[in-house]
Structures are given as structure tokens and as C-alpha cells.
Amino acid sequence: DGVTILGGEPFDQPESVAELVSRLKNHELHVAVYSGYTVEQLIHRKLPAIDHVLTHVDLLIDGPFIRQMKEEAGEYKGSRNQRIISMEKHKSS
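Residues numbered from 1 in each chain as written. Predicted model: local features only at pLDDT ≥ 70, side-chain atom pairs only at ≥ 80, totals over all residues. Heavy atoms only, no water.

A. Up close: the pattern of salt bridges. As enumerated under the stated definition, the model contains 4 salt bridges in all. Notably, a salt bridge pairs Arg23 with Glu19, separated by 2.6 Å at the nearest N-O pair. Residue Arg23 and its partner Glu19 are both found in helix H1 (residues 14–26); the two are separated by 4 residues, about one turn of the helix. Ionic pairing is found between Asp58 and Lys25, a salt bridge with its closest N-O pair at 2.8 Å. Taken together, the positions of Asp58 in the loop between helix H3 (48–56) and strand E3 (59–62) and Lys25 in helix H1 put the pair 33 residues apart, joining distant regions of the chain. A relative accessible area of 13% places Asp58 in the buried class. Classification of Lys25 as partly exposed rests on a relative accessible area of 26%. Taken together, the salt bridges that share partners define one network made up of Glu40, Asp62 and Arg83. (Salt bridge = Lys/Arg side-chain N within 4 Å of Asp/Glu carboxyl O. Helix = DSSP H or I, 4+ residues; strand = E, 2+ residues; numbered from the N terminus. Buried < 20%, exposed > 50% of the residue type's maximum accessible area, 1.4 Å probe, protein only.)

Worth remembering: the numbers are spatial, not functional.
Next up, the structure:
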């Protein structure tokens, strides 16, 4: 059981998404977020709300959707350039 957060772009309103993620995690729900940004770009922004989201979600599917790369993208991804990232390693940092 879980919740998926996706576009527009969730990280364009990081404070609201951080609040939502906190509430969802209080209910022990699995949380996945889709973002057109890469995890590296998000970390580089150094915003507390973004850091909170990244350290409290379970999965991040990152990278922009590219229509020309949608064939054979695989499960959960819209295009081949996107990555499915388990955020477990980021929770300890």
C-alpha cells in the first residue's frame, strides 16, 4: 500500500510536498515521487524541504520524460533516460 506523487513537478512546491510526505509516512505508507529533475539536481538545490522529501520517500523516479525515448522504457518509467532510485541510501545521510 502506498502513494505516488507526480506532476506537474512536485519539487516546484517542495514545502507542500514535504508536509504531504510527512503525513503519509505517519501512516506508514510507501511513498514514491516522480520528478523531471535528477536526484543530483535536487540535492544541489540545498533546500530543507527538498532534503526532507528525499530522506522520507521510498522511491524516486527521476529525470525528464523524453517522448523519443519512451519505447522499451520498462516498468514505472516513462522514458529510458529516467531512473528508479531507492532512497534508502539517502535516509542515513
